[in-house]
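# Structural features, examined
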Protein chains: 2
Amino acid sequence: MIGTPILPEIRELIEQRNFSALQRLFNDWLPVDLAELISDLPENEQAILFRLLPKDVATETFEYLEFEAQQNLLAALTQKDVTRILNSMSADDRTALLEELPGTVAQELIKLLSFKEFKIAKTLLAYAENSVGRLMSPDFLSVKKDWEINQVLEYIRTYGHESETLNVVYAVDDHGKLVGEMLARDLLLSALDKKVSEVISEEKIITLTATQDQTDALEAFKRYDNVALPVVDSNGYLIGVVTVDDMLDVAEEEETEDIQKFGGIEALDDPYIDIPLLQLVRKRAVWLVVLFLGEMLTASAMSYFEGELAKAIVLATFIPLIISSGGNSGSQAATLIIRSLSLGEITIRDWWAVMRRELLSGMMLGGILGVIGVFRVVFWAMVLHRYTTVWLLIGITVGISLVGIVLWGTIAGSMLPLLLKRLGLDPATSSAPFVATLVDVTGIVIYFSVASMLLKGVLL
Amino acid sequence: MIGTPILPEIRELIEQRNFSALQRLFNDWLPVDLAELISDLPENEQAILFRLLPKDVATETFEYLEFEAQQNLLAALTQKDVTRILNSMSADDRTALLEELPGTVAQELIKLLSFKEFKIAKTLLAYAENSVGRLMSPDFLSVKKDWEINQVLEYIRTYGHESETLNVVYAVDDHGKLVGEMLARDLLLSALDKKVSEVISEEKIITLTATQDQTDALEAFKRYDNVALPVVDSNGYLIGVVTVDDMLDVAEEEETEDIQKFGGIEALDDPYIDIPLLQLVRKRAVWLVVLFLGEMLTASAMSYFEGELAKAIVLATFIPLIISSGGNSGSQAATLIIRSLSLGEITIRDWWAVMRRELLSGMMLGGILGVIGVFRVVFWAMVLHRYTTVWLLIGITVGISLVGIVLWGTIAGSMLPLLLKRLGLDPATSSAPFVATLVDVTGIVIYFSVASMLLKGVLL
């Protein structure tokens, strides 16, 4: 937003080595905007600009950078700067960076950490990928439940500077077991002489464990609208905290996976532009080949009707039109139902209500396309001066087939996600291409069956 | 999560009128779980259970309920209870409820508000739908910039209970103009004798205006990771605050719209299951008809090749297989590019890098399907004992066409979103069905052109 329009000016200042002007300029920039600016610069200028930032701003800006720019800076900065940044970054962002780097590079960098940070990094990296442990930060504040709020506030002012979040402070008993949480709101509103035990809510605290999958954590955050959730070990001792900002990345990854699945492609692990070409092709080929094998049945279905086709070539010309209408209406229905399922608007139990709606919708949509189809055929025949009553019959064949195929597409597209969900599979697997393929094959059978009935003795 | 498994037990307790057991049971439930439980009950039992909740829990639970359950409770509760809930709800949630209700019902309810809340409700409802004004809450805390932190904390303890959020407190100058913001973190960490003006950051504050679109607000929240953003009028005076939890709903709506567009359907305004059937059909019919009209070109293209078709009926049997492969590869490419664009992984400027990747991917994917296609044709001919060299030629025709069509589908699917973006349109409009239709028509031309060249003098 802020970075791009003045990029040329900034690059000129870098060229002129006018560093004091740059420093003045950046004085009231936010780290996120600085990070965007740095990403937009060519690699060799990124480090020049980064070195101009005040120390605290530099670390925060670094945390906002994409992995690629981070890697570039780590290579371009002095060992002293790298050491300072790695030691002052928040532990969870550092874990994310280290896990992306090649093993040998990560090992080198970990050696630059202080003893304390080294231990933290080792512990976090020991958790499985995509586990809550990889997201959590060991920098949290816990207070005893018999302290007064006054004491808590004093404690925060003294020891809170390193804490990942101050939006929540955790209360523990004498043995260090988690017994409650206080939001910043509670701390700010409570009378100073109240005890922590009087302030913490008596409701059940929602906790995570470090070995849980990150998607479980996402579910919990979505459900309870929390700013942070505590991570406990199997004995209920507090070992870390996960904050909601880390969840946005998890949510984005999940959503991307769903969208890619729906587009008929295996989920990619990396951004489109970074993934090696062969891996990209492999991920796409799997589904394409599966769909291709399925679609082969259309050729078999059509050779079954080759006799009819030979007698009435004109029937062939409407095949793409007819089967694609079934595919399109199926994609629409599948999209609606998959999204409704994932938003919790409907559940499997609603299948009959969905079926009723889709039966009616399918008939109406089929009717609309059917009428247009009849007109198209008849009008075309008249324009080409080939109009005979046979053409009217062909038109009616096309029209009736469209009703049947659109109706079938709608039902298949809406029921398939529900069926998949019932079988414990991901409804999003019933992708647009998958539904279209299913409907194509049956569409051909419907079309030729209608044609056989209506045109027997006339054309066939 | 918590509600569903014990639903039968709870319904039994309701049946037995065992209210004290229910109250004990709900003692350590969170409002969000209570809301889910209530939604799962039949309408006539919802109010029974709701009346058992303590007053403060009741209001919060009410805020978590879906609109339908809220409406049901408003009808079933006493006027006294309704008055209490409406007056104690947060102003932004109340606005959302009032805007969903029929005008006359909303008017009746607004009359139940106290003079202060009445004024607030009227003001907020005066802003346009989907504007920031409808989301904002007028309950925020602002402090003078020359106060000491000590004073601020005292002020919060006295006046902060009504504030929508205490994660941010705003600093204003003597005229009430917004000059800075302090996070809860800043308040908790600062020395008590520091002045507000020393604590507020010198960076630019990000602000919203009440007339801005809600999607602008969403962009700002995503970019700056804020817990709340201040809303100012044209003179820079603070008039409200928007909190990040309200953004989740906006984000979900946006995402649903995108997904529906991609599935080839106009965005729905209401949940699938609630939208009137005719409106649902209308929204779907628009795109289906547009695609149908486009797909009609396939019939025209095929009648152009009717001569070839008549001579070699067998060509027709492979048409669905061939054009659907183009459609599927196009859907895949479009999905990848649309998602990458929306994540900011690529921009229009990367079009050439994308084109290069897709050229290579398309050729490889086309090659894979082409080889399978050749085998399919030749193998089939051998099984049916119709194998002649003509069949090998047909196989090669199918194979080469597949390479061409998959390549074309891949290029079209990847470039179309970029082109739409360049023209200032939404890339998501290049939906799977849209790309498939585009590729179908050209696919037929490619297929018959290849056939004409290879089979001239043999079959044609």
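Model, not experiment: these values are computed from the prediction.

The next subject is the interface of chain A and chain B. Interface size is commonly expressed as the accessible surface area that is lost when the partners come together. Listed by partner, the interface residues are 90 residues for chain A and 90 residues for chain B. Among the elements that take part in the side of chain A that touches chain B, helix 16 (residues 277-304) of chain A stands out by supplying 15 residues, more than any other. For the side of chain A that touches chain B, the residue count by class is 50 nonpolar, 20 polar and 20 charged.

The domain architecture assigned to chain A consists of domain 1 (4-130), domain 2 (142-250) and domain 3 (277-455). Computed over C-alpha atoms only, the centres of domain 1 of chain A and domain 3 of chain A are separated by 53 Å.

Attention now goes to the sheet that holds strand 2 (residues 168-172) of chain B. Residues and elements named next belong to chain B. On the basis of which strands lie adjacent, the open sheet formed by 3 strands has the order 1-2-3 and mixed pairing. Bordering the open sheet on either side are strand 1 (142-144) and strand 3 (178-183), each of which pairs with just one other strand. Direction aside, the axes of adjacent strands within the sheet are offset by 35 degrees on average. Where strand 1 lies against strand 2, 3 bridges are found, and the strand directions are parallel. Within strand 2, the residue paired with K144 across the bridge is V172.

Attention now goes to unusual backbone geometry. Working note: non-glycine residues mostly have negative phi, and peptide bonds are mostly trans. A positive phi angle, close to 65 degrees, is found at N130 of chain A, a residue other than glycine. Tracing the backbone through its elements, the reader meets N130 of chain A in the loop between helix 10 (115-125) and strand 1 (142-144).

Right, let's talk about the pairing of strand 2 of chain B for a bit. All names here are of chain B. With 4 of 5 residues buried, strand 2 lies mostly within the body of the structure. Handedness of the strand 1-helix 11 (residues 149-159)-strand 2 crossover: right-handed. The pairing of strand 2 with strand 3 spans 5 bridges and is classified as antiparallel. Counterpart to V172 in the pairing with strand 3 is L178.

Cut-offs used in this document
- Residues numbered from 1 in each chain as written.
- Chains lettered and ligands numbered in written order.
- Predicted model: local features only at pLDDT ≥ 70, side-chain atom pairs only at ≥ 80, totals over all residues.
- Contact = placed C-beta atoms within 7 Å.
- Helix = DSSP H or I, 4+ residues; strand = E, 2+ residues; numbered from the N terminus.
- Nonpolar A, V, L, I, M, F, W, Y, C, P; charged D, E, K, R; others polar.
- Domains from an automatic or database assignment.
- Pairing = 2+ DSSP bridges.
- Axes fitted to C-alpha atoms, helices over the stretch in contact; angles between N-to-C directions.
- Buried ≥ 20, exposed ≤ 12 C-beta atoms within 10 Å, placed from the backbone.
- Right-handed = clockwise from strand over helix to strand, strands pointing away.

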